[in-house]
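Okay, here's what each chain looks like letter by letter:
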Amino acid sequence: MSTPAGTPPLDRKALIDLGFIEARAKVLDIAAFLDRLDRAGGDATPDFRVEAIRAALRIALETSPARAERILKSWSDPTTEPAARADGKAARGVHPTPKT
Amino acid sequence: MYIDPHIHMVSRTTDDYARMAVAGCVAVTEPAFWAGFDRSSPAGFQDYFRQLTETEPRRAAAYGIRHHSWICINPKEAEDHGFAREVMSMIPAFLERPNVLGVGEIGLNRNSRTELAVFEEHLEIAAKHNALVLIHTPHLEDKLKGTRLILDAIRAHGKLDPARILVDHVEEHTVRLVLERGFWAGMTLYPDTKCTAARAVDIIEMHGTNRIWINSAGDWGHSDPLAVPKAVLSMRARGHTAADIHKISFDNPRAFLSQSKNFSAEPLRPTVA
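The rules behind each value
Residues numbered from 1 in each chain as written. Chains lettered and ligands numbered in written order. Predicted model: local features only at pLDDT ≥ 70, side-chain atom pairs only at ≥ 80, totals over all residues. Heavy atoms only, no water. Helix = DSSP H or I, 4+ residues; strand = E, 2+ residues; numbered from the N terminus. Rg over C-alpha atoms; globule rule 2.2 N^0.38 Å. Buried < 20%, exposed > 50% of the residue type's maximum accessible area, 1.4 Å probe, protein only. Contact = heavy atoms within 4.5 Å. Areas by Shrake-Rupley, 256 points an atom, 1.4 Å probe, with all protein chains shown as cover. Lys, Arg positive; Asp, Glu negative; His and termini not counted. Charge placed at Lys NZ, Arg CZ, Asp CG, Glu CD. Core = buried A, V, L, I, M, F, W, Y, C linked by side-chain atoms within 4.5 Å.

Asks: A description of the overall build of chain A should follow, citing residues and the corresponding values.
Replies: If you tally the helices and strands in chain A, you get three helices and zero strands. Secondary structure elements in chain A, listed N-terminal to C-terminal, are α-α-α. Taken over C-alpha atoms, the radius of gyration comes to 18 Å for chain A, far larger than the 13 Å a tight globule of 100 residues would show. Dimensions of chain A, computed from the C-alpha atoms along their principal axes, are close to 45 × 40 × 25 Å. Counting the 100 residues in chain A, one finds 18% classified as buried. A fraction of 31% describes how many contacts in chain A between residues 6 or more apart in sequence connect residues 24 or more apart. With an accessible surface of roughly 7200 Å², chain A has 59% of that area assigned to carbon and sulfur atoms. Computed over 16 positive and 14 negative side-chain charges, the inter-centroid distance for chain A is 2 Å.

Asks: So, the environment of Lys76(B): which residues are in play, and what are the values?
Replies: Summarising the element assignment, Lys76(B) is placed in the loop between strand S3 (66-71) and helix H3 (81-88). With 37 residues separating them along the chain, Lys76(B) and Arg39(B) place their C-alpha atoms 11 Å apart. Sequence-distant contacts of Lys76(B), defined by excluding residues within four places in its chain, comprise Lys89(A), Trp34(B), Asp38(B), Asn109(B) and His139(B).

Asks: Could you give an account of the nonpolar core, naming the residues involved and the relevant values?
Replies: All names here are of chain B. Counting 73 residues, the largest nonpolar core has Met20, Phe49, Phe119 and Ile135 as the members making the most contacts within it. When residues in this core are grouped by element, the largest group, six residues, is from helix H5 (residues 113-128). Apart from the residues lying within four places of it in its own chain, the contact partners of Ile135 are Ile106, Gly107, Phe119, Ile150, Ile154, Ile165, Leu166, Val167 and Asp168. Grouped together as the second largest cluster of nonpolar side chains are 15 residues, Ile3, Ala27, Leu166 and Phe250 included.

Right, here's the structure in full:
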């Protein structure tokens, strides 16, 4: 690596110039997704997946580092023993009882 | 010039081979995986393994791309232990084929006891045949737990050198676990799940360029067979040196894969103009 581990080659201003529009679009997409759910009919019981996104947004707003890593960990299965059987083939994206 | 060290070309069109060749791909490696449905008999795997070792190398060579394979029963079809053992009994014969690099992509999917037992039996096959190992780590909320179970199982097995094992699909919460134990780490570039190119470049910046590679894992699902050259473009935009980019996209996969005598990234003359 030509720069110390952890230090991007580009400075903050250059990284903002490069990534701002994409990040702006993603923030709007999340807000619009939550708006869409508010407008929709049907069961209004909180969904664990949506609650996990809300919890992740709180982590994203923190000032301490490793936000992406901490969000991924908060969505992860906290158990340590193998499951008795495979519960279907597909994961759901977040564990039903995420750590926050 | 680049290597895509994990892509499922049986699911891709010939036009994808052409596009990859134009983008600079000189070699691919293709792990055995789940076809999107469960095969009805072990004989289905016999045909699939022939496709991986006979058909795909010919299809790739037409575009000057060297094709290599990994053989296993994927964890998504490992829940029936008896079925899995029948498939595993075929592996040693296919390890002798000239384009096969080792056992893969083995690992866990939903972190079940049977998946873990089948994974451990694959490790034993790899140890017995001195084969390289390519490991699939689970998706989404199962990844962290599954990665820990996999790494602990390898340690308990104790017969394999971590330098000959690549643990794939790492993300921010698993990459450190893998690298600290001496394994190679793979980052898969997917549009929605696993890593985006931007996050993969972040991980490279945070963890360095040693023992790490990028791959597309392009398959029949939402994926991009040109994900590696697009990540190279991201690295250039982010100010990385040509040497670091070449290391991630070519030197590192070549270094790991060349531990098998069957791997080559030497130029191959295309037969299609």
